[in-house]
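A look at the structure
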Amino acid sequence: MRLGDSINQLAKWVSLGRVVNMPDLKNVPQLPVWTDENRFSLEQRARAYLDVNCGHCHTKGGDAYNTGLFLDYDVKIPSHLGIGKAPVSAGGGAGGLDFDVVPGDAKHSILLYRMNSVEPGTAMPELARSIIHKEGVDLIRQWINNMPSKK
C-alpha cells in the first residue's frame, strides 16, 4: 500500500491475487488499534501492541518460546504474560531486575527495561532496532503501572 491508502491490507492482497480462499473480512478477528484511546482500554491497546511487536517471537513455537514469556493477545495466564515471572534466559539483558513484569512498577519490570534500550543483547525486539519506539514504551509503562500492585 502507498501512504494515504486506507484499504484493508488483506483485502488488497486478495485483489492482487496474493491471498486466495480468504474468508469474509467480517469473520477475520482483528486486534484493537493500540493508538485508539477512545474505543479500546489501556489493557486492550497494550496487549495488541505486544502481540504485533513481540508476539511473533514470544509465542509457542517462536524463537523466544524457551523464555516462557508469551505475548500473544489471547494469552490469559498472568505468568505467561510475565506478571511476577522471573526471567529464564535474559542474562545481562535483565538489567539486574528480577521479574519480567512487576505489577504497578514499570521501573522494575524487565519487559519495559528491554523495550527502552537500543543496546545489543538488551534491546527488544532484537532485530532492526536503532531507536526506541517512545509511544510504545509509554503505552507499556502505563499498562504496567496501572496493574494492581501485589504489595
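Residues numbered from 1 in each chain as written. Predicted model: local features only at pLDDT ≥ 70, side-chain atom pairs only at ≥ 80, totals over all residues. Heavy atoms only, no water.

Let us look at the overall build of the protein chain. Per the secondary structure count, the protein chain includes four helices and zero strands. The principal-axis extents of the C-alpha atoms in the protein chain amount to approximately 50 × 30 × 30 Å. For the protein chain, the share of sequence-separated contacts (at least 6 apart) that also reach a separation of at least 24 residues comes to 35%. Entry remark: accessible area of the protein chain is about 9,800 Å², with carbon and sulfur atoms responsible for 53%. Both charge centroids of the protein chain, one from 17 positive and one from 16 negative side chains, sit 2 Å from each other. (Helix = DSSP H or I, 4+ residues; strand = E, 2+ residues; numbered from the N terminus. Contact = heavy atoms within 4.5 Å. Areas by Shrake-Rupley, 256 points an atom, 1.4 Å probe, with all protein chains shown as cover. Lys, Arg positive; Asp, Glu negative; His and termini not counted. Charge placed at Lys NZ, Arg CZ, Asp CG, Glu CD.)

Looking now at the packing of aromatic side chains. Applying the stated criterion across every chain, the model contains two aromatic pairs. Centre to centre, the rings of Trp-34 and Tyr-49 are 5.1 Å apart; their planes meet at 70 degrees, and the pair counts as edge-to-face. Placement of Trp-34 in the loop between α1 (9–15) and α2 (42–54) and of Tyr-49 in helix α2 is noted, with a sequence separation of 15 residues between them. Residue classification places Trp-34 among the partly exposed positions, given a relative accessible area of 26%. Their ring planes at 45 degrees and their centres at 5.7 Å tell us that Tyr-65 and Phe-70 sit as a pair that is tilted. Given a relative accessible area of 9%, Phe-70 falls into the buried group. For the cation-ring pair, Lys-60 lies above Phe-70, with the distance from its terminal atom to the ring centre recorded as 5.8 Å. (Phe/Tyr/Trp six-rings, centres within 6.5 Å; stacked < 30°, edge-to-face > 60°. Buried < 20%, exposed > 50% of the residue type's maximum accessible area, 1.4 Å probe, protein only. Lys NZ or Arg CZ within 6 Å of the ring centre and 35° of its normal.)

Our focus in this paragraph is unusual backbone geometry. Of note, the bond from Met-124 into Pro-125 is cis; its omega dihedral lies within 30 degrees of zero at -5 degrees. As for its position among the elements, Pro-125 is in the loop between α3 (110–115) and α4 (134–145).

Its twelve residues place the ends of α4 16 Å apart at the C-alpha level, agreeing with the 16 Å of an ideal helix rising 1.5 Å per residue. Along α4, the residues that are buried comprise Gly-136, Val-137, Leu-139, Ile-140, Trp-143 and Ile-144. Down the axis of α4, the sector holding all buried residues measures 160 degrees, keeping them to one side. The inward-facing, buried residues of α4 abut α2 and α3. (Expected span 1.5 Å × (residues − 1). Arc of directions from axis to C-beta.)

Here we come to the pattern of salt bridges. Scanning the model with the defined rule gives five salt bridges in all. Measuring nitrogen to oxygen at the nearest pair gives 2.7 Å for the salt bridge that ties Lys-85 to Asp-100. Highlighted residues: Lys-85 in the loop between α2 and α3 and Asp-100 in the loop between α2 and α3, separated in sequence by 15 residues. Residue Lys-85 shares its accessibility class with Asp-100, and that shared class is buried. (Salt bridge = Lys/Arg side-chain N within 4 Å of Asp/Glu carboxyl O.)

For Thr-67, the location among the structural elements is in the loop between α2 and α3. Discounting residues that sit within four places of it in the chain, Thr-67 has contacts with His-58, Lys-85, Val-88 and Ser-89.

Moving on, we come to the state of the cysteines. As enumerated under the stated definition, the model contains zero disulfides in all. Just so you know, Cys-54 is unpaired, no disulfide at all, and the nearest cysteine sulfur is the one on Cys-57, 8.7 Å from it. On the basis of relative accessibility, which here comes to 10%, the residue Cys-54 falls in the buried class. (Disulfide = S-S within 2.5 Å.)

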